[in-house]
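An overview of the molecular structure
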Amino acid sequence: MNQNTILSVDGLRTHFYTEQGVVRAVDDISFDVRQGEIVGIVGESGAGKSVATTSILRLIEEPGEIVAGEITYQDTTIVGFDERSDGTLVPKDEMLTNRQMRSQVRGNEIAIIFQDPMESLNPVYTVGNQLQEFIELNRDLSGSAAKKEGIDVLREVGIPEPEARFGDYPHEFSGGMRQRVLIAMALACRPNLIIADEPTTALDVTVEGQILNLVSDLQEEYGTSFIWVTHDMGVVAEICDRVNVMYLGKIVEQGPVDEIFYDTKHPYTKALLESVPRPDRTVDELNPIVGTMPSAIDPPRGCRFHTRCPDAREACREVDPQFVDVSETPDTEHRTACIKYDDVGYWDSVPLEHASEQDTSYIDEDQRPENRDLEQTEGEP
Ligand SMILES: Nc1ncnc2c1ncn2[C@@H]1O[C@H](COP(=O)(O)OP(=O)(O)OP(=O)(O)O)[C@@H](O)[C@H]1O
Ligand code: NI
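Since this is a predicted model, take the numbers as computed values, not measurements.

1. Section: the sheet that holds strand β9 (residues 193-197)
Think of a sheet as strands paired side by side through backbone hydrogen bonds, with each pair either parallel or antiparallel. Across the sheet, eight strands lie side by side as β8-β9-β10-β3-β11-β12-β14-β13; this open sheet has mixed pairing. Unpaired on one side and paired on the other, β8 (110-113) and β13 (324-325) mark the two borders of the sheet. Relative to strand β12 (residues 250-256), strand β11 (residues 242-247) runs antiparallel, the two sharing six bridges. The residue bridging Asn244 from the neighbouring strand is Gln254, located in β12. Here helix α11 (residues 267-275) sits on the sheet in contact with β3 (38-42), β11 and β12, set at roughly 100° to β11.

2. Details of the site of ligand 1
Around ligand 1 there are 16 residues in total, and Ala25, Ser45, Lys49, Ser50 and Val51 lie nearest to it. Every element with two or more residues in the shell around ligand 1 is listed here: β1 (5-18), β2 (21-34) and α1 (49-56). Per-element tally for the shell around ligand 1: the top contributor is α1, with three residues. Tallied by class, residues from the shell around ligand 1 come to seven nonpolar, eight polar and one charged.

3. Some details on the environment of Pro294
On the secondary structure map, Pro294 appears in the loop between α11 and α12 (314-318). A count of 16 C-beta atoms within 10 Å places Pro294 in the partly exposed class. Between the C-alpha atom of Pro294 and that of Phe305, which follows or precedes it by eleven residues, the distance is 8.8 Å. In this structure Pro294 touches Leu248, Pro299, Pro300 and Thr307, once residues within four positions along its chain are discounted.

4. A word on the environment of Val23
Note on placement: Val23 falls in strand β2. When residues no more than four places from it in sequence are discounted, the contact partners of Val23 are His15, Phe16, Thr18, Ala296 and Ile297.

5. Considerations on the sheet that holds β1
The sheet built from four strands is open, its strands ordered β2-β1-β4-β5 with antiparallel pairing. Here the strands that pair on one side only, and so sit at the sheet edges, are β2 and β5 (76-79). The average angle at which neighbouring strand axes cross in this sheet is 10°, direction not considered. The pairing of β1 with β2 spans ten bridges and is classified as antiparallel. Bridged to Phe16 within β2 is Val23.

6. Looking at the UniProt feature "domain: ABC transporter" (unreviewed entry) in the chain
Here the UniProt feature "domain: ABC transporter" (unreviewed entry) sits at residues 7-273. In residues 7-273, the share of helix is 38% and the share of strand is 30%. The end C-alpha atoms are 27 Å apart.

7. Side note on helix α5 (residues 143-156)
The end-to-end C-alpha distance of α5, which contains 14 residues, comes to 20 Å, matching closely the 20 Å that a straight helix rising 1.5 Å per residue would cover. All of the buried residues along α5 are Ala146, Gly150, Ile151, Val153 and Leu154. The arc that holds every buried residue of α5, seen down its axis, measures 165°, which confines them to one face. Among the exposed residues of α5, those pointing more than 90 degrees away from its buried face are Ser144 and Asp152. Residue Gly158 follows α5 closely and has a positive phi angle near 85°.

8. Things to note about unusual backbone geometry
With an omega of 0°, the peptide bond between Glu62 and Pro63 qualifies as cis. Its identity is not glycine, yet Glu161 carries a phi of approximately 45°, on the positive side. Topologically, Glu161 is positioned in the loop between α5 and α6 (162-165).

9. Concerning helix α7 (residues 175-188)
Helix length check: α7, at 14 residues, gives a terminal C-alpha distance of 20 Å against a target of 20 Å (1.5 Å per residue), a fit within 8%. Most of α7 is tucked away: eleven of the 14 residues are buried. Residues of α7 that are buried: Met177, Arg178, Gln179, Arg180, Val181, Leu182, Ile183, Ala184, Met185, Ala186 and Ala188. Where α7 is buried, its residues contact β8, α3 (117-120), α4 (127-138), α5, β9 and α8 (205-222). Among the residues trailing α7, Arg190 stands out with phi positive, at a value near 50°.

10. Digging into the nonpolar core
Of all hydrophobic cores here, the largest spans 84 residues; its most connected members are Ala184 and Val245. No other element matches the eight residues that α7 contributes to this core.

11. Digging into the confidence of the model for the chain
Averaged over all residues, the pLDDT of the chain equals 88, while 90% of them reach at least 70. Per-residue pLDDT stays below 50 along residues 355-364; that stretch engages in 16 contacts with residues further than four places along the chain or on separate chains. Model confidence for the complex: the whole-complex pTM is 0.89, and ipTM, which rates the interface, is 0.99.

12. Here we look at the packing of α7 against α8
Relative placement of two packed helices is described by the angle separating their axes and the distance separating the axes. Packing of α7 against α8 leaves a shortest axis separation of 10 Å and a crossing angle of 15°. When the interaxial angle is binned, α7 and α8 end up roughly parallel. In this structure, α7 meets α8 at a crossing whose hand is right-handed. Contacts between α7 and α8 involve Gly176, Gln179 and Leu187 from the first element and Val207, Gln210, Ile211 and Leu218 from the second. Residue classes in the contact of α7 with α8 are distributed as four nonpolar, three polar and no charged.

Quick notes on the rules
- Each chain has its residues counted from 1, following the order in which its sequence is written.
- By the order in which they are written, chains take letters starting at A while ligands take numbers starting at 1.
- With the structure being a predicted model, the display of local features is reserved for residues of pLDDT at least 70 and the display and counting of side-chain atom pairs for 80 or more, all residues being used for whole-chain, interface and lining totals.
- When DSSP finds at least two bridges between two strands, those strands are taken to pair.
- Secondary structure follows DSSP: runs of H or I at least 4 residues long count as helices, runs of E at least 2 residues long count as strands, and numbering of each begins at the N terminus.
- We call two residues in contact whenever the C-beta atoms placed from their backbones are within 7 Å.
- Simply put, an axis is a line fit to the C-alpha atoms, just over the touching stretch for a helix, and the angle between two N-to-C directions goes from 0 to 180 degrees.
- Defining nearness, a residue is near a molecule or strand when the C-beta atom obtained from its backbone falls within 6 Å of it.
- When residue character is reported, Ala, Val, Leu, Ile, Met, Phe, Trp, Tyr, Cys and Pro are called nonpolar, Asp, Glu, Lys and Arg charged, and the others, Gly included, polar.
- To assign burial, the other C-beta atoms lying within 10 Å of each residue's own C-beta are counted, with C-beta atoms placed from the backbone; 20 or more indicates buried, 12 or fewer indicates exposed, and intermediate counts indicate partly exposed.
- UniProt positions are given in the numbering used here, feature names are shortened, and annotations may be inferred rather than shown by experiment.
- Multiplying 1.5 Å by the helix residue count minus one yields the expected span of that helix.
- In this context, the arc is that of the directions from the helix axis out to the C-beta atoms.
- Think of a nonpolar core as buried Ala, Val, Leu, Ile, Met, Phe, Trp, Tyr and Cys residues chained together by C-beta atoms that fall within 7 Å.
- pLDDT expresses, on a scale from 0 to 100, how confident the predictor is about each individual residue.
- Any angle from 65 to 115 degrees is called roughly perpendicular, while one under 35 is roughly parallel, one over 145 is roughly antiparallel, and all others are oblique.
- Put simply, a crossing is left-handed when the front helix is turned counterclockwise from the back one by less than a right angle, and right-handed when it is turned clockwise.

The following block contains the structure:
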C-alpha cells in the first residue's frame, strides 16, 4: 500500500439477492485512493460503479449485501470480516457501527454527490436553508456563522450573487447551478474524500466543462481526494489522475490515466476508448462496443468480457483472468485482468469467432450459423 493511501478497497463483493437470482453487482474489486488525487471509476451502465461507491459509504440496502472484502478508511474499518473455522465470514469487531458511519464518516470525512441534484435537494426548502442546516449539523457553527459559511461556499463554487441566491428554491437554479450547490454542500463539511457519481452526465458539454474545471481548482486548493464515477473516458482524461475500468462487477484494468490512454492493455478499455469522442479523433472513427453487457446474475465463465471481446480465444472462456502487473516501470502500478498478459495458454488457443452482434461462441464450432453448410445436412433423414 502506498503511504499516502487514505482509502483502500480490497476484494470487495456486493451482491443482491433477488427472486431472479444473485446479482453479482460488485464481484471482487480492489483499488485505493491516495491523498489529494482524483481516482476514476469508468464503465458502461450496469458495470457496478454505483454499487461500488455506495458500498464504501455502507449505503447498500436490501436485498443487497456486502458479502466479502475489506474497506479501510485511514485507520478505521468500514468493512471487514473474520473467517470462522467453518469458513463463514463474520463482521470484524472493529468494524464501524452504522451510527459511527453516520456520525464520523459520512458527510464530514467522506461526502457523496449524486447525478440528480433534485434527488438530494428538498424542493420545499430554499437552497440556503438546506445548506445552513447541513453546516450546522456537520460543523461546529450555528446561526449566522453557518449562514455566512454557506454563502462563502456558494461563492466558492461560482454561484453569482450568492447572498441573493441563498433564499432561492432549488427549481430556481439551472441544472449546472444546482450541481454547483451540491458540490458546495459536499465541500461545506470540509470532507477529506468526495465521491461523485456521474454528477455531470445530465449537463450539457459546456456546463460540464465548467464543473470539471471547478473541481480541478478545488482539488488543488484543498487537497481533497475524489472518486469520480463516469461512463465517459473524456471526463477521465480531463480530471482523473488514476482510473479503474469496470466491466460486469470486475475491475479489468487500473493505472495512471496516461498509461491507460497511451498504453492500453485490456480489450475492453480499448473498446471504451474507441467508443467515445476524443480530441485526436474524428467522429467517423467512433466504434460503439458490439453487443450488450450480459446479466450480472449469470455472468459468462472465464473472462466476463469474452462474449464481446474482439480478441477472445478459446482459453478466455475457461480461464478466470487474474489481475497482473503490466507496469513498465516499478512505480507506475498498471494492472490488467486479461490472460494475454498472464501466459496461461492464450497465444496457443484458437480465436473465438463472434457472429456480428450475437454471441455464438458457446455453440459448437460446426453448429454455428456461419459454418453450417450442405455437407452437414446431407446426413440427416
Ligand atoms: N437494488 C438492487 N437490486 C437488484 N439489483 C441491483 C440493485 N441495485 C443495483 N443492482 C444491479 O447491480 C448491477 C450494477 O449496478 P450499478 O447501478 O452499480 O451500475 P452502474 O455501473 O452504476 O451503472 P450506471 O452507469 O447506469 O449508473 C446492475 O446489474 C444492477 O441491475
Ligand atoms: Ni451508477
